[in-house]
Amino acid sequence: MSSPVEYLTGVSAIRGDLLRKELNIFTFKDLLEHYPLRHVDKTKIDTIASLSTAIDYAQVAGKLIGMQMLGEKRSKRLVAHLQDNTGIIELVWFQGITWAEKLLEVGHQYVVFGKVSFFMNKPQIAHPEIETYSPQNAMGKSYLEPIYPSTEKLKARGLNGKAIGKITKDLILRLSEKDLPENLPISILEDYKLMKRFYAFQQIHLPANEKNYQQALRRLKFEEFFFAQFAIQSVKISRNQFSRGLSFEKVGDLFNQFYEKDLPFELTNAQKRVLKEIRKDTASGHQMNRLLQGDVGSGKTMVALLSMLIAADNGFQSVLMAPTEILAQQHYNTIAEQLKNLPVNVQLLTGSTKAKQRKPILEGCEEGTIQILIGTHAVIEDNVNFKNLGFAVVDEQHKFGVAQRAKLWKKSIIPPHILVMTATPIPRTLALTVYGDLDYSAIDELPPGRKPISTFHRFENSRPQVMDFIKKEIALGRQAYIIYPLIEESSKLDYENLMKGYEEVKSFFPEPKYWISMVHGKQTPEQKESNMQKFSSGDTNILVGTTVIEVGVNVPNASVMVIESTEKFGLSQLHQLRGRVGRGAEKSYCILLTSHKLSHDARERIKIMEETNDGFKIAEKDLELRGPGEMEGTRQSGALQFKLASIVDDKPMLEAARNAVSKILDEDYDLTAEENQPLKAFLQSQKGKTKWSKIS
Ligand code: ADP
Ligand code: MG
């Protein structure tokens, strides 16, 4: 299975090279996993008389009774007639005329396949596939003929979808069950009624009929899910069972004092539940790796803060890492304020912390005098060392790469407990697939008293009315965001649009009656911070900006969110942006401006936004619309690169595979049972070939 494709007849060095470059096909195994796009049914021979407009493709056999060239120049074409016992069909070529004319001979017998159309009630096939008649092909093929995906470059080298089919077929005919041994336990094959592996590979390429194809497909999809789940679940088990973790023995004075005296509100039940889960994990002696999902505004920060206090009670340091400078600053402000009555040293470290302030902070971390360090990715840089880091919070996880998170592990000999927080809810199926090795908590309840945000769609030409609406809100003392798309940091056009937009907003809101802040990615951190600060303190009425303000920003007095060119934003981004309002006591509004030209998907996104404020529902819809590969936070994940299976369309099967894996790992983690030997052998043969790794 690991032989290079060049070992196959018909694959020259040049073709082999192209197969590698164009389709990532290196080995026999890769070729077998280059699955057909579709199949064509040439198993039957139709009689010409039976053809009707009801059928699409047909295969007929008969004698060529005439052939002539018609038309001139551009309308030139070759027309031939084929006759069987029941009637006559016309065959026509507009291209490759010379080739066809040379190939065919009147009076000979042929088997012809193609798309049938009717012209003046007579059947016709344009550019048919045509083969010389033989007793064999006159009976029809014994299998459905596969058509494979190919590329322009491969086609230029004679490797179109059909030619790939030929080399694949040659390979399949050479294989035996030994080459593709069964890798699932018999009981699973029986329980889930799965086809055997070797047979499945054969039948997905060259199925005897549609039913066999479907069964082969089912078996191979199951296999994909099964091994993906096997990889993540075994990582999780080995971590839970064998990794050492810091043990937070007690809940002490810091926590208790804060909880009783300084907690500004009663926790929601969901917050309490998650806190208990974290408490249990951190006391277990094993490292915690927990994903905490909670919709925007659900109060994740408080959960993080309380957890960090427990760490401090046990003599451990904590870090809280935010994706942007603005957000880190904001977390620092809130947390430092909330902890002002407690003997807890909280510091802020970001890229823009001056060298003079940086030095004592680095020392404080090293000496252990700082209990809570808040910052951007600056906190995981190599020169930041801790005396005893025990707890790490990663806020708004999707902005951090896998590698950055891995760095956290190394900050302490025994890795710290890790809490990954995200406000971009991921549907449960996706979470299980991608983050299956993390424990999972959800805050599925908002603090009481929140008023749902009303969302409206408006076309650009009603911008003046929208601006008037903002004026009314400002007159009531509120503030507004106006957000422009910035697809790429470097995109010049996006900046031009933003500046044009800013000028336009200024013309609606002249100084000194109104004041406007602008925040975008090209400003220095200081500029951003000071502009943000002016908005946050209420000195400016309007914040014009790009999505740099997307995550976390908290200005409770803002009651209007206007999003320009809404069609350019993804659903989860829109939901994030909308979450910037509705944070205070006032009723809030989100207005989605678009041009008149909207794609189907854009319309769907807007409709969902108008219909619901529920981040989990929005995430499900996003997954449906865009597919798993495009979801925030999962893009770089190898976990979703299934060739056949889809976590959206095959959700029940994903659950089934997950259950099958849990059962095996529960009952026989070391795979010593007789019936698990095929599985064990397969896993050993795959060592070093999988794309799986720790994700946090
Ligand atoms: P997110 O989960 O989006 O990070 P935050 O932690 O920023 O949300 O919380 C949003 C707001 O809700 C903050 O102003 C916070 O103080 C407030 N909040 C959090 N928990 C509660 C609660 N249980 N009751 C009332 N307000 C709360
Ligand atoms: Mg937050």
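Owing to the predicted nature of the structure, the values given are computational and were not obtained by experimental measurement.

What counts and what doesn't
- Residues numbered from 1 in each chain as written.
- Chains lettered and ligands numbered in written order.
- Predicted model: local features only at pLDDT ≥ 70, side-chain atom pairs only at ≥ 80, totals over all residues.
- Heavy atoms only, no water.
- Helix = DSSP H or I, 4+ residues; strand = E, 2+ residues; numbered from the N terminus.
- Contact = heavy atoms within 4.5 Å.
- Areas by Shrake-Rupley, 256 points an atom, 1.4 Å probe, with all protein chains shown as cover.
- 1 Å grid on protein atoms, 1.4 Å probe; cavity = no way out; pocket = protein on both sides within 12 Å on 5 of 7 lines; lining within 4 Å.
- Points joined across faces, edges and corners; volume = space filled by probe spheres on them.
- Nonpolar A, V, L, I, M, F, W, Y, C, P; charged D, E, K, R; others polar.
- Domains from an automatic or database assignment.
- Buried < 20%, exposed > 50% of the residue type's maximum accessible area, 1.4 Å probe, protein only.
- Polar contact = N/O pair within 3.5 Å; in protein donor to acceptor, adjacent residues only side chain to side chain.
- Axes fitted to C-alpha atoms, helices over the stretch in contact; angles between N-to-C directions.
- Parallel < 35°, antiparallel > 145°, perpendicular 65-115°, else oblique.
- Near = heavy atom within 4 Å.
- Pairing = 2+ DSSP bridges.
- pLDDT = per-residue confidence, 0-100.
- Patch = residues over 30% accessible without salt bridge, like charges linked within 9 Å, V, L, I, M, F, W, Y side chains within 5 Å.
- Salt bridge = Lys/Arg side-chain N within 4 Å of Asp/Glu carboxyl O.
- Lys, Arg positive; Asp, Glu negative; His and termini not counted.
- Charge placed at Lys NZ, Arg CZ, Asp CG, Glu CD.

Q: What should I look at first to understand the overall build of the protein in this one?
A: A count of helices and strands for the protein gives 23 helices and 21 strands. In terms of overall dimensions, the protein has a C-alpha envelope of 100 × 70 × 45 Å along the principal axes. Of the contacts formed within the protein by residues at least 6 apart in sequence, a portion of 73% connects residues at least 24 apart. Surface accessibility of the protein: about 32700 Å² in total, with carbon and sulfur atoms responsible for 51%.

Q: Explain the side chain of Lys300 to me, please; I cannot follow it from the model alone.
A: When you line up the elements, Lys300 lands in helix 11 (residues 300-313). The contacts of Lys300, once residues within four sequence positions are left out, are Leu292, Gln293, Gly294, Asp295, Met421, Thr422, Ala423 and Ile443.

Q: Can you walk me through empty space enclosed by the protein in this structure?
A: Any space left empty among the atoms is revealed by the rolling of a water-sized probe across them. Counted under the stated rule, the structure contains 2 cavities of 30 Å³ or more. Reported here for the second largest cavity is a volume of approximately 40 Å³. Every residue along the wall of the second largest cavity is listed here: Leu32, Ile172, Leu175, Leu180, Phe198, Phe201 and Gln202. Per-class residue counts for the lining of the second largest cavity are 6 nonpolar, 1 polar and no charged.

Q: Help me understand the domain arrangement of the protein in this model?
A: Interface size is commonly expressed as the accessible area that is lost once the parts come together. Under the domain assignment, the protein is made up of domain 1 (5-39 + 151-174), domain 2 (44-140), domain 3 (253-443) and domain 4 (454-612). The distance between the C-alpha centroids of domain 1 and domain 4 comes to 51 Å.

Q: Is there a simple way to think about the side chain of Ser234 in this case?
A: Position of Ser234 among the secondary structure elements: in helix 8 (residues 210-242). Using a relative accessible area of 17% as the deciding quantity, one classes Ser234 as buried. A distance of 2.5 Å separates the side chain of Ser234 from the backbone oxygen of Phe230, its partner in a polar contact. Not counting residues within four places of it along the chain, the set of residues in contact with Ser234 comprises Leu665 and Tyr669.

Q: Teacher, can you tell me more about the packing of helix 19 (residues 571-578) against helix 21 (residues 615-626) here?
A: To describe two helices that pack against each other, one gives the angle between their axes and the distance between the axes. Between helix 19 and helix 21, the least distance of the axes is 9 Å, while the angle of their chain directions is 155 degrees. Between helix 19 and helix 21, the interaxial angle falls into the category roughly antiparallel. Contact with helix 19, carried on its side by Leu571, Ser572, His575 and Arg578, involves Gly615, Ile618, Lys621, Asp622, Leu625 and Arg626 of helix 21 and no other residues of that element.

Q: Help me understand the site of ligand 1 in this model?
A: Close contacts around ligand 1 come from 16 residues, with Glu266, Gly297, Lys300, Thr301 and Arg450 the closest. In this structure, a nitrogen atom belonging to ligand 1 sits 2.8 Å away from a main-chain N or O atom of Glu266. One of the side-chain nitrogen or oxygen atoms of Gln271 is found 2.9 Å away from a nitrogen atom of ligand 1. For ligand 1, whose unbound accessible area comes to 570 Å², protein coverage reaches 81%. Of the residues assigned to the shell around ligand 1, the class counts are 4 nonpolar, 7 polar and 5 charged.

Q: Just to check I follow, could you spell out the sheet that holds strand 20 (residues 558-563) for this structure?
A: Sheet strands pair by backbone hydrogen bonding; their relative direction is either parallel or antiparallel. Spatial strand order, 16-21-20-17-19-18: 6 strands in an open sheet with parallel pairing. In this open sheet, the two strands that pair with only one neighbour each are strand 16 (454-459) and strand 18 (516-519). Averaged over all pairs of adjacent strands, the angle between strand axes in this sheet comes to 20 degrees, irrespective of strand direction.

Q: Any chance you could explain the confidence of the model for the protein here in plain terms?
A: One rule of thumb: low pLDDT means the predicted coordinates there are not for detailed reading. Across the protein, the average pLDDT comes to 88, with 92% of residues at 70 or higher. Taken element by element, the protein is modelled with least confidence in helix 14 (residues 402-409), mean pLDDT 68, and with most confidence in strand 11 (residues 346-349), mean pLDDT 98. With pLDDT under 50 throughout, residues 633-637 is counted as low confidence; its partners more than four residues away or in other chains account for 11 contacts. The low-confidence segment residues 690-696 (pLDDT under 50) makes 20 contacts with residues lying over four places distant or belonging to another chain.

Q: Even after reading the chapter, I still don't get a negative patch on the surface, so can you show me in this structure?
A: A cluster of like negative charges, contributed by Glu190, Asp191, Asp666, Glu667 and Glu675, occupies part of the molecular surface. Going through the elements one at a time, helix 6 (186-191) and helix 22 (651-667) are the ones with two or more residues in the negative patch. Mapped onto the elements of the fold, Glu675 is located in the loop between helix 22 and helix 23 (677-686). Judged by its relative accessible area of 36%, Glu675 falls in the partly exposed class.

Q: What is the right way to look at unusual backbone geometry in this model?
A: Keep in mind that most residues, glycine aside, have a negative phi and that most peptide bonds are trans. Look at the link from Glu511 to Pro512: it is a cis peptide, with omega at 0 degrees. With respect to the helices, strands and loops of the structure, Pro512 is situated in the loop between helix 17 (492-508) and strand 18. Of note in this structure, Lys73 is not a glycine but carries a positive phi near 45 degrees. Turning to its location among the elements, Lys73 is positioned in the loop between strand 2 (57-70) and strand 3 (77-83).

Q: Looking at this model, I keep getting lost on the sheet that holds strand 12 (residues 372-375). Mind explaining?
A: In space, the 7 strands of this open sheet follow the order 11-12-10-13-14-9-15, with parallel pairing throughout. With one partner strand each, in any of the chains shown, strand 11 and strand 15 (439-443) form the two edges of the open sheet. When the angles between neighbouring strand axes are averaged without regard to direction, this sheet yields 20 degrees. Where strand 9 (residues 289-294) meets strand 15, 5 bridges bridge the pair, whose relative direction is parallel. Residue Gln293 lies in a different strand from strand 15, and its bridge partner there is Ala442. Sheet strands in contact with helix 10 (residues 269-282) are strand 9, strand 13 (389-394), strand 14 (417-422) and strand 15, and its direction is about 160 degrees off that of strand 15.

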